[in-house]
Amino acid sequence: MLIALIARDKPDHLQTRVDNRAAHLTYIEETGAVAQAGPLLDQNGDMAGSLVILDVEDMATAEAWAAADPYKLAGLFESVELITWKKVIG
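Summarised in this report is the structure supplied together with it. (Residues numbered from 1 in each chain as written. Predicted model: local features only at pLDDT ≥ 70, side-chain atom pairs only at ≥ 80, totals over all residues. Heavy atoms only, no water.)

1. Quick word on the overall build of the protein chain
In terms of regular secondary structure, the protein chain is built from three helices and four strands. Reading the protein chain from its N terminus to its C terminus gives the helix and strand order β-α-β-β-α-α-β. Relative to the 2.2 N^0.38 estimate, which gives 12 Å for 90 residues, the radius of gyration of the protein chain is 13 Å and therefore close to what a compact globule would have. Summarising its shape, the C-alpha atoms of the protein chain cover approximately 35 × 25 × 20 Å along the three principal directions. Burial status across the protein chain gives 27% buried among its 90 residues. (Helix = DSSP H or I, 4+ residues; strand = E, 2+ residues; numbered from the N terminus. Rg over C-alpha atoms; globule rule 2.2 N^0.38 Å. Buried < 20%, exposed > 50% of the residue type's maximum accessible area, 1.4 Å probe, protein only.)

In structure tokens:
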């Protein structure tokens, strides 16, 4: 099951993202649940959120993954949305 995680950073939290980026990327690599991922950018080209496509068994697994993400644990996100996603192109 593919789940899109769309997270928006809290305003003025770019340094929180930078400080926790290595742990976040390690988490992605170690869990093996991520099919695609990348930062959302603001109008200046700075990282301002995340788009992560999870390939997991069910929504509960996606919720658990999101809850343990180092970015979440660091208090980076203003909002997180998990949406079932169907890949059509690519």
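2. Some remarks on the environment of lysine 72
Relative to the elements of secondary structure, lysine 72 occurs in helix H3 (residues 70-73). Overall, lysine 72 belongs to the partly exposed group, its relative accessible area being 44%. Expressed as a C-alpha distance, the spacing of lysine 72 and leucine 41, which sit 31 residues apart in the sequence, is 18 Å. Apart from the residues lying within four places of it in its own chain, the contact partners of lysine 72 are Ala66, Ala67 and Phe77. (Contact = heavy atoms within 4.5 Å.)

3. A few points about helix H1 (residues 14-31)
An ideal rise of 1.5 Å per residue puts 26 Å on 18 residues; H1 measures up with 24 Å between its terminal C-alpha atoms. Along H1, the sharpest kink reaches roughly 55°, centred on asparagine 20. Taken together, the buried positions of H1 are occupied by Arg17, His24, Tyr27 and Ile28. Turning to H1, the residues buried within the fold contact strand S1 (2-9), strand S2 (34-41), strand S3 (47-55), helix H2 (59-68), H3 and strand S4 (77-85). Where H1 ends, the next residue or the one after it, glycine 32, has phi of about 65°, a positive value. (Expected span 1.5 Å × (residues − 1). Bend = angle between axes of the 7 residues up to and from the residue.)

4. Some thoughts on the side chain of histidine 24
Topologically, histidine 24 is positioned in helix H1. Residues within four places of histidine 24 in sequence aside, it is in contact with Asp69, Pro70 and Tyr71.

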